[in-house]
Structures are given as structure tokens and as C-alpha cells.
Amino acid sequence: MEIIKTAGLTKNFKRFKKQAGMIGSIKGLIKREYEEKQAVGNLDLTIQEGEFVGLIGPNGAGKTTLVKMLTGIIAPTSGSVSVLGYYPNDLEHEFKQQYAVVMGQKSQLFFELTVEDTLRLFKEIYGLPEEEYKSSRDYFVKLFQVQDLMHVQVRTLSLGERMKMELIAALLHNPKIIFLDEPTIGLDAVASKQIRGFLADINERRGTTIILTSHYMEDIKALCKRSIVINHGCKIYDGDTEKLFERFQKFKKVTFTFSEPTLLPNLDFEARILEQTPYKKVIMVPKENAAGLLRELMNLLPTDITVEEEEIGTIVERIYQEGGDGLA
Ligand SMILES: Nc1ncnc2c1ncn2[C@@H]1O[C@H](COP(=O)(O)OP(=O)(O)OP(=O)(O)O)[C@@H](O)[C@H]1O
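It should be emphasised that the depicted structure is a prediction, and the values quoted were computed from it without experimental measurement.

Reading guide: rules and limits
- Residues numbered from 1 in each chain as written.
- Predicted model: local features only at pLDDT ≥ 70, side-chain atom pairs only at ≥ 80, totals over all residues.
- Heavy atoms only, no water.
- Patch = residues over 30% accessible without salt bridge, like charges linked within 9 Å, V, L, I, M, F, W, Y side chains within 5 Å.
- Areas by Shrake-Rupley, 256 points an atom, 1.4 Å probe, with all protein chains shown as cover.
- Salt bridge = Lys/Arg side-chain N within 4 Å of Asp/Glu carboxyl O.
- Helix = DSSP H or I, 4+ residues; strand = E, 2+ residues; numbered from the N terminus.
- Buried < 20%, exposed > 50% of the residue type's maximum accessible area, 1.4 Å probe, protein only.
- Pairing = 2+ DSSP bridges.
- Axes fitted to C-alpha atoms, helices over the stretch in contact; angles between N-to-C directions.
- Phe/Tyr/Trp six-rings, centres within 6.5 Å; stacked < 30°, edge-to-face > 60°.
- Expected span 1.5 Å × (residues − 1).
- Contact = heavy atoms within 4.5 Å.
- 1 Å grid on protein atoms, 1.4 Å probe; cavity = no way out; pocket = protein on both sides within 12 Å on 5 of 7 lines; lining within 4 Å.
- Points joined across faces, edges and corners; volume = space filled by probe spheres on them.
- Nonpolar A, V, L, I, M, F, W, Y, C, P; charged D, E, K, R; others polar.
- Domains from an automatic or database assignment.

Attention now moves to a nonpolar patch on the surface. A surface patch of nonpolar side chains, amounting to about 640 Å² of accessible area, comprises Met22, Ile23, Ile26, Leu29 and Ile30. Looking at the secondary structure, you find isoleucine 26 in helix H1 (residues 21-30). Using a relative accessible area of 46% as the deciding quantity, one classes isoleucine 26 as partly exposed.

If you want it as C-alpha cells, here you go:
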């Protein structure tokens, strides 16, 4: 079943154009000039119930504007949009009950309350019956393993703990769609992996449709079967995530940390050293050489290794360079 459908969806913002300097400011008081900025342009999109979709693009691409239109926070300038059969900007109560938004950089929690009281407040906001609330709360508290945190004040939670609570609060009423904006921002590798595990679980077991915006390509790769790449408000790729990376991702960034000062051996394949200190080496290699690099440097007994995907900006550039037949 189609859960989200847009056709020709467009959002233009009008912004005040101020001329430089004092004279410019005074002129602006007398005669205001505006410029139009197209944040999302002519976007056709269909998302089926139960999909886990990555929404990616560089800063200013139009992702937030799109999510704001899908959740009804702002109205489109033109085009059509239907989410769960509703026109989002009508903000009907039944519609708002069926989706949730979680933003990594904005908290929805009540910092002065305990976790338990905060969740109870969300129960009231959603109008959940006591039994439904308890079974949902217990399910998530067990899944996220946060039993010990229930009586702690929200403001004392660590970033990773807080993000788990943001997700629980958003999921309590079992929404059909969840919009996630950078849910792993600032989290360490262990906490990010945990959050990814929960999201995969919720999508699989509950069939919740998830739209994930993230600058971390690791999140997208691990979770989203389908990716939509947006640039300048337009869709430049819509299809299989694996194919996106296979085709447009050429390098991996590998970071090695050592407990002793360590020298790099000569590498007999293409590799670019991005950072080198006695204790840390950051190396960019073509993805086919990543395994070789790991094998080679494992002999030097590193204490930590991280492998990162290329940034979205680089992938977007390659989509343009290699021709835009990425639209499925
Ligand atoms: N209220 C607004 N008024 C004017 N211009 C806006 C407004 N909101 C967004 N824009 C512009 O629309 C474009 C898209 O912004 P948007 O926030 O949707 O991008 P984004 O892809 O979410 O970026 P980021 O990854 O940095 O959060 C940007 O050029 C931005 O400056």
C-alpha cells in the first residue's frame, strides 16, 4: 500500500534581500526586495508501507523542507502530497496520531522530569489507554535495555541514553510512519550501532515505515534498502542503496589508532594518507583495497580501527559526473 505519494511537489520560499551596508539597510526599510528560493522542486515520490528509506543530500539540498511538507508543518507552494491518505497541512488529529518525528539535534523530552514521568506525559499527549501504554512502554524499555534509567531525571542522561528515550517517546503510540532526522548525530560507534539495531527491529517486527535523514553514510548503508538522493531540491537518485554505493562510492576512509608510536609500512597499492601522527593514521584507499590495507596494518596491532564511507557531497558529485541515469 502506498503510504506517501507526492506529484510535482514544490516549495518556494520568499526571502528578504538586503543590500550591504548601512545605506542598504535604510533602503530596505523603504522598499523591500525579495528573492525566491526553490527549496524543493517538482518532486515525484511514492513510498510503500513498511519501507525503510534513506533521504540523503548535502546541506541545503531540501531534505528538511520535504519532511516538513510530509508532516504538515508547512504547506507546499504547488503540487500534490498525500500521507496516509491525508493532506498533511490540514493537520487533522487522526493524521498527527499516526506519525512521529525524531530529531537528533532537537529534544522532545521534558528535561526536569524523570524518564518515567516524561513517558507518562507522552501517554497523555497521545491519549493512550493505560494498558496500551504499559505494554508499549515495557516492550521498548526491554528492547532498548533502559530499565535502570526509568527513575533518572532526563537532563542527566548521556546523549546516547537520551536518544533511546527520544525514540521510545516517539514510538509509544505505535505510529505508522517515523521520520528520523540524524538520530545518531554525536553518538559513539557503539551507541550508533545500538540505535541502528533498534530501528531495524522496529521496521522488521512492527512494519513501521521509516524515513531516515542522515549525513552518516554508514547509517544509510546499514539500514535503508532504498535511498533517495536530493540536490538543489530535486531527486537525482531513487533506487537500491547497495547499487548507489556500488556505483558511486569509490573510496573508504580507514582510521587506525595505536597504543605505541607506530610507523606506516610501504603500501604497494594506491592509498592517500590524510592524517599521520605516531599514534594515529587516517588513510583513504580505493574500496577494493580496503581489505588489503586492514590485513597489512593488523600486523601492527592497532587498538582501534574505524572504516568510514565517503561523504554524501562526494557521492552527489559522482552522480553528476557519471551521468544521471540513477533515477529508477
Ligand atoms: N524558512 C525559509 N525561508 C527561506 N529559505 C529557506 C527556509 N527554509 C529553508 N530555506 C532554504 O531552502 C533550502 C533547503 O533547505 P533545507 O533546510 O530543506 O535543506 P536540508 O537538505 O535539510 O539541509 P541540511 O542538511 O543543512 O539540514 C536552503 O537553501 C535553505 O536556505
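The rest of the description comes next.
As a further point, take the sheet that holds strand S4 (residues 78-83). Overall, antiparallel pairing links the three strands, which are arranged S2-S1-S4 in an open sheet. Edge positions in the sheet fall to strand S2 (33-48) and S4, since each of these pairs with one other strand and no more. Within the sheet, the average angular offset between the axes of one strand and its neighbour, ignoring direction, is 25°. Here strand S1 (residues 2-17) runs beside S2; their pairing, made up of 12 bridges, is antiparallel.

Here we take up the packing of aromatic side chains. Here the structure, examined in full by the defined rule, presents nine aromatic pairs. Ring centres 4.9 Å apart and planes at 45° place the aromatic pair phenylalanine 95 and tyrosine 99 in the tilted group. By the burial criterion, phenylalanine 95 is buried, and tyrosine 99 matches it. Relative to tyrosine 126, the ring of phenylalanine 122 lies with its centre 5.9 Å away and its plane at 40°, an arrangement referred to as tilted. In this pair, phenylalanine 122 and tyrosine 126 are both assigned in helix H4 (residues 115-126), four residues apart and thus about one turn of the helix distant. Assigned by exposure class, phenylalanine 122 and tyrosine 126 land together as buried. Among the aromatic side chains, those forming a connected cluster through ring pairs are Tyr86, Phe95, Tyr99 and Phe179.

Helix length check: helix H6 (residues 159-171), at 13 residues, gives a terminal C-alpha distance of 18 Å against a target of 18 Å (1.5 Å per residue), a fit within 8%. Counting buried residues along H6, 11 of its 13 residues qualify, which places the element largely inside the surrounding structure. Looking at the buried residues of H6, the elements they touch are strand S5 (99-103), H4, helix H5 (130-143), strand S6 (177-181) and helix H7 (189-206).

Let us look at the layout of surface pockets. One simple way to see leftover space: roll a probe sized like a water molecule over the atoms. Volume-wise, the largest pocket comes out at about 660 Å³. Around the largest pocket, the lining is made up of 24 residues, and of these Tyr216, Glu218, Val307, Glu308 and Glu309 lie nearest the centre. Of all the elements in the fold, those that place two or more residues in the lining of the largest pocket are H7, helix H8 (217-223), strand S13 (304-308) and helix H11 (312-321). Of the residues that constitute the lining of the largest pocket, the class distribution is eight nonpolar, six polar and 10 charged. Both of domain 1 (49-247) and domain 2 (250-308) provide at least three residues apiece to the lining of the largest pocket. The space that makes up the second largest pocket amounts to roughly 460 Å³. Of all the elements in the fold, those that place two or more residues in the lining of the second largest pocket are helix H3 (93-96), S5, H4 and H6.

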